[in-house]
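As a plain string of letters, each chain reads:
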Amino acid sequence: MYQALYNLTSNTIISTLIVALVPLTLILLYALFAIWLERKVSAHMQDRLGPMRTGWHGWLQTIADMIKMIQKEDTIAADADKKLFNIAPVLVFAGSFAAFAAIPFSSAIIGSEIEVGLFYIIAISSLVVAGILMAGWSSNNKYSLLGAMRSAAQIVSYEIPTALVVLTMVMYTGTLSLDKISQQQTAYFWNWNLFGGPEFGLAKFILIPFMLVAFIIMFISTLAEVNRTPFDIPEAESELVAGYFTEYSGMKWGMFMLSEYANMFAVSSIVSILFLGGYQSPFGYLGNTLGIEWLVPIEQLFWFVSKTLFFVFVQMWLRWTLPRLRVDQLMTVCWKYLIPYAVANLIIVGIVTLL
Amino acid sequence: MKTPDEIFDILKNNFNDDVIGIEKEQPTEPIIFVNPSAINKVCLFLRDNEELKFDSLMNLSGVDDANGEKVKDNDGSEIIKGGTLSVYYHLYSIKYKHKITLKTSTSREEPRVESVESVWKTANWHEREAYDMFGIIFNNHPDLRRILMPYDWEAGYPLRKDYKNPEFYQGMKVPY
Amino acid sequence: MALKTETMILNMGPQHPSTHGVLRLELELEGELIVDVKPHIGYLHRCFEKHAEAMTYPQVIPYTDRMDYLASMYNNFGYVLAVEKLLGIEVPERVEYIRVIMGELQRIASHLVAIGTYGLDIGAFTPFLYCFRDREKILNLFEITCGARLLYNYMWVGGLSHDIHPDFVRLTKDFIKEFRPTIKELNDLLSYNKIFIERTANIGILPLATAINYGVTGPSLRGSGLAFDLRKEEPYSIYDRFDFDVPVGQGLMGTVGDCWDRYYVRVLEMEQSLRIIEQAIDKIPDGDVHSAIPRRIKPPVGTVYQRVENPRGELGYFIISDGSTNPFRVKVRAPSFVNLEVLGELCKGHLVADVIAILGSIDIVLGEVDR
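The structure presented is a predicted model; accordingly, all values stated were derived computationally and were not measured.

*Asks:* Quick question: what am I supposed to make of the sheet that holds strand β3 (residues 56-64) of chain B here?
*Replies:* Each strand in a sheet pairs with another by means of backbone hydrogen bonds, the pair being arranged parallel or else antiparallel. Residue and element names in this part refer to chain B. With respect to topology, 5 strands assemble into an open sheet ordered β1-β2-β7-β6-β3, the strand pairing being mixed. At either margin of the open sheet sits one strand with a lone partner, and together these are β1 (19-23) and β3. Within this sheet the neighbouring strands show an average axis-to-axis angle of 25°, counted without direction. Judged from the 4 bridges that link them, β1 and strand β2 (residues 31-34) form a sheet pairing that is antiparallel. Bridged to E23 within β2 is I31. Across the sheet, helix α1 (residues 4-15) is in contact with β1, β2 and β7 (99-107); its angle to β1 comes to roughly 165°. Strands β3 and β6 (84-92) of the sheet are contacted by helix α3 (residues 123-134), whose axis makes an angle of about 5° with β3.

Dropping the structure here:
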């Protein structure tokens with residue numbers, strides 16, 4: 001995309017800015033939509049209507065809230081460490097925003113076609129932990145501190161099963177580039193990695209159950225990485241008030257909120273790229289059939305966004321259905337179940353691929 | 001199941017003078033009077049005796065009998081001199097399903113009653129409340145602090161009949 | 001060189017989402033492990049007992065509403081029974097039946113709040129709203145009866161403030177029919193949820209001997225395995241005429257007397273309350289609910305201790321009369337106040353998250369703790 005823009009404008013600065021602005025706008029639009037969706041999903045699950053007054057079925061509600069949030073007073077506790085306190089939300093947001101650079105929305109819309117996209121995303125999203133720790137420590141509040149400590153422990157732990165599954169998939173596909181992984185799973189849905197990948201043969205059918213296991217482990221651990229119920233222990237409302245962002249208000253709080261939703265989208269998109277073919281359509285493209293070439297990337301965008309939003313929806317669904325685990329139980333799930341299964345899965349898939 | 005009279009007889013045989021008497025002229029249940037310095041021993045006996053087994057303390061309440069002499073204070077308000085403060089104990093036996101009410105009275109000027117916290121743990125907060133509201137001091141209570149009123153409330157004990165609201169508490173005006 | 005370590009003091013409350021009001025818990029923590037819990041109460045203290053001494057007997061009733069504001073009907077019930085016992089008056093059959101029906105509806109409403117907020121404490125938001133939806137239907141029944149939704153002042157000494165609405169019987173039957181299936185729904189969504197069981201089973205185990213010694217009553221005591229219900233133990237009003245069971249904790253998911261047992265006793269009790277209402281609703285005799293209300297309430301000199309089975313436990317009224325129109329002393333034995341005392345005993349050695357689970361399972365109402 002950068003290359004195309006460079007050819008068009010022949011100016012590095014302008015094209016870089018545009019490339020950077022596109023994901024930001026997308027995230028903001030998506031966050032507006034996701035927050036509204038969350039409210040509606042929770043409301044309908046709970047036998048109520050949710051926001052109804054602002055616009056059609058309350059779709060303007062989030063915008064109204066944003067305006068309110070921007071106008072709010074920015075309070076900083078007297079004993080807080082002001083520098084860290086101010087940097088923390090920016091860092092958290094930057095971490096989750098940077099991940100979007102490498103995500104292929106369609107074959108034509110990729111912020112940066114780096115070869116090590118998967119590696120980059122895992123690395124950059126760890127930046128969030130640093131931000132959360134900063135927020136918890138600098139708030140000078142015991143609840144924030146407990147929340148931040150829980151959060152750091154949780155995210156670091158759950159990165160291990162995530163990385164193991166990613167490793168499995170990298171071994172199987174033979175590439176770290178998200179775009180190439182997507183391209184491999186082209187044509188029909190039985191070519192998706194979840195169904196054993198594009199190559200036909202005995203190996204494909206043997207792989208299906210292991211891919212399913214990998215998929216489930218990946219989904220659970222990403223759920224934990226974005227602090228959603230049943231793993232929302234860092235911000236457990238009934239115990240720690242609001243966890244690491246208890247002391248924040250106004251737009252700084254809004255940045256935590258925004259990055260939470262951005263994270264949800266990022267991890268969902270990785271799950272859908274690794275297992276569900278990313279931007280690939282499950283059954284061919286209308287553009288190819290009609291012979292309209294420019295329609296294909298748009299269709300791809302549609303498929304990508306639908307798949308990802310489906311996972312976002314599942315995350316919301318789980319949030320409003322399940323209670324919350326306790327800290328030690330959370331660690332048990334990770335270390336006693338997810339990691340051993342992920343390792344076993346890695347070895348088996350490795351052997352099958354080798355043969 | 002034992003009647004209050006039978007319970008009174010058992011107590012009288014075991015404790016002599018510490019069990020003062022029984023008052024039956026009540027519309028509801030009779031009351032046994034006990035010496036305040038022996039209440040913990042009587043209660044322990046009631047709890048552990050095989051025939052009585054009063055294993056639960058339903059209620060413990062302090063009462064200001066207001067039976068002293070009413071005199072005018074310096075500022076013209078009425079205060080009570082002399083008389084007694086009382087503590088009522090309502091006991092129940094889950095095993096035998098019988099009840100008894102005990103009453104112990106102590107002087108208003110120096111109200112001291114033995115604590116029954118070691119007999120029933122539930123008495124802990126009840127006694128703290130009685131101390132908070134009436135200023136009855138329970139000997140051998142492990143943690144006798146105010147419970148409902150602020151810890152630094154200095155204006156006396158609110159449920160006494162001659163209690164007067166203070167003008168200020170911590171610089172805040174009290175009467176609203 | 002030995003490393004010097006300190007415990008951390010964490011103040012939970014008085015403003016905290018899970019202390020169910022203005023309770024302050026002083027937690028002494030070793031990491032996230034509880035070393036000691038000190039409850040500090042009194043933030044909602046209004047000195048009901050002092051107020052009562054300045055009022056006539058009927059004037060006290062609205063104040064009783066405001067103690068356990070989730071079970072106001074039952075607070076009225078206990079108080080009027082105590083005063084009636086002191087006066088030695090009989091109330092008409094119709095009044096007795098309506099009182100029992102209202103009391104049991106109130107018990108269901110109160111348990112719904114307890115169950116819903118307990119789910120909320122554990123992190124399940126949705127059951128909370130389902131419970132409130134059903135509670136709303138009960139509040140509507142109260143509203144058509146006496147016009148109030150929270151603080152009713154409905155039961156008077158010797159009678160009731162209003163007779164029931166002509167539609168009340170039909171609407172109550174409709175409610176019972178609608179409500180039964182939602183108990184099953186609630187069980188599927190919350191009670192038998194694996195995560196919920198993990199969080200509550202084997203947590204905060206209350207042995208029976210400790211429970212009795214601490215004077216714990218109500219569902220918390222029954223959760224420890226003793227079928228002690230005052231409606232059966234010493235039936236007041238007309239409870240001896242109805243057929244119902246007293247559910248006890250059986251340790252289905254863990255040990256007897258754990259949080260799950262205390263929670264589940266409440267779920268089962270709602271079903272029993274429905275049974276009582278079903279038996280009573282068709283038998284309400286004709287009569288005048290005002291006929292036995294005395295003109296002038298002036299009980300003889302004496303004392304009375306009347307206890308009733310409030311949704312939270314044993315609610316006792318100790319009233320001393322000096323023969324005048326005002327009570328000389330009213331002492332309330334509030335179940336929440338007594339049950340809360342055992343919290344420190346239950347929490348030791350658990351994690352911060354468990355404190356919330358334990359506090360929710362003993363179900364306190366701060367209006368009653370502080371009175």
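*Asks:* Explain the arrangement of the chains to me, please; I cannot follow it from the model alone.
*Replies:* Pairwise contact counts over the 2 pairs of chains in contact peak for chains B and C. Considering only C-alpha positions, the minimal separation of the non-contacting chain A and chain B is 25 Å.

*Asks:* Can you walk me through the interface of chain C and chain A in this structure?
*Replies:* By a widely used convention, the size of an interface equals the accessible area lost when the partners come together. Taken together, the 32 residues of chain C in the interface contact 24 residues of chain A. Where chain C abuts chain A, roughly 2500 Å² becomes buried across the two surfaces, and 59% of that area is made up of carbon and sulfur atoms. In this structure, the connection of chain C to chain A is made through 2 salt bridges. Our count for the chain C to chain A interface comes out at 10 residue pairs in polar contact (both at pLDDT 80 or more). Looking at the side of chain C that touches chain A, the elements with two or more residues in it are β1 (8-12), α4 (93-122), α5 (126-146), α7 (194-200) and α14 (352-362) of chain C.

*Asks:* Mind showing me how you'd approach the nonpolar core here?
*Replies:* Note that soluble globular proteins tend to have their nonpolar side chains buried in a common cluster. Of all hydrophobic cores here, the largest spans 175 residues; its most connected members are Y89(B), L102(B), Y154(C) and I319(C). Among the elements that take part in this core, α4(C) stands out by supplying 13 residues, more than any other. In this structure L102(B) touches I31(B), I32(B), V34(B), I39(B), C43(B), L46(B), V87(B), Y88(B), Y89(B) and L91(B), once residues within four positions along its chain are discounted. One finds Y158(A), A224(A), M264(A) and L274(A) within the second-largest nonpolar core, a separate group that totals 65 residues.

What counts, and at which threshold
Residues numbered from 1 in each chain as written. Chains lettered and ligands numbered in written order. Predicted model: local features only at pLDDT ≥ 70, side-chain atom pairs only at ≥ 80, totals over all residues. Heavy atoms only, no water. Pairing = 2+ DSSP bridges. Helix = DSSP H or I, 4+ residues; strand = E, 2+ residues; numbered from the N terminus. Axes fitted to C-alpha atoms, helices over the stretch in contact; angles between N-to-C directions. Contact = heavy atoms within 4.5 Å. Buried area = accessible area lost by both parts, 1.4 Å probe. Salt bridge = Lys/Arg side-chain N within 4 Å of Asp/Glu carboxyl O. Polar contact = N/O pair within 3.5 Å; in protein donor to acceptor, adjacent residues only side chain to side chain. Core = buried A, V, L, I, M, F, W, Y, C linked by side-chain atoms within 4.5 Å. Buried < 20%, exposed > 50% of the residue type's maximum accessible area, 1.4 Å probe, protein only.

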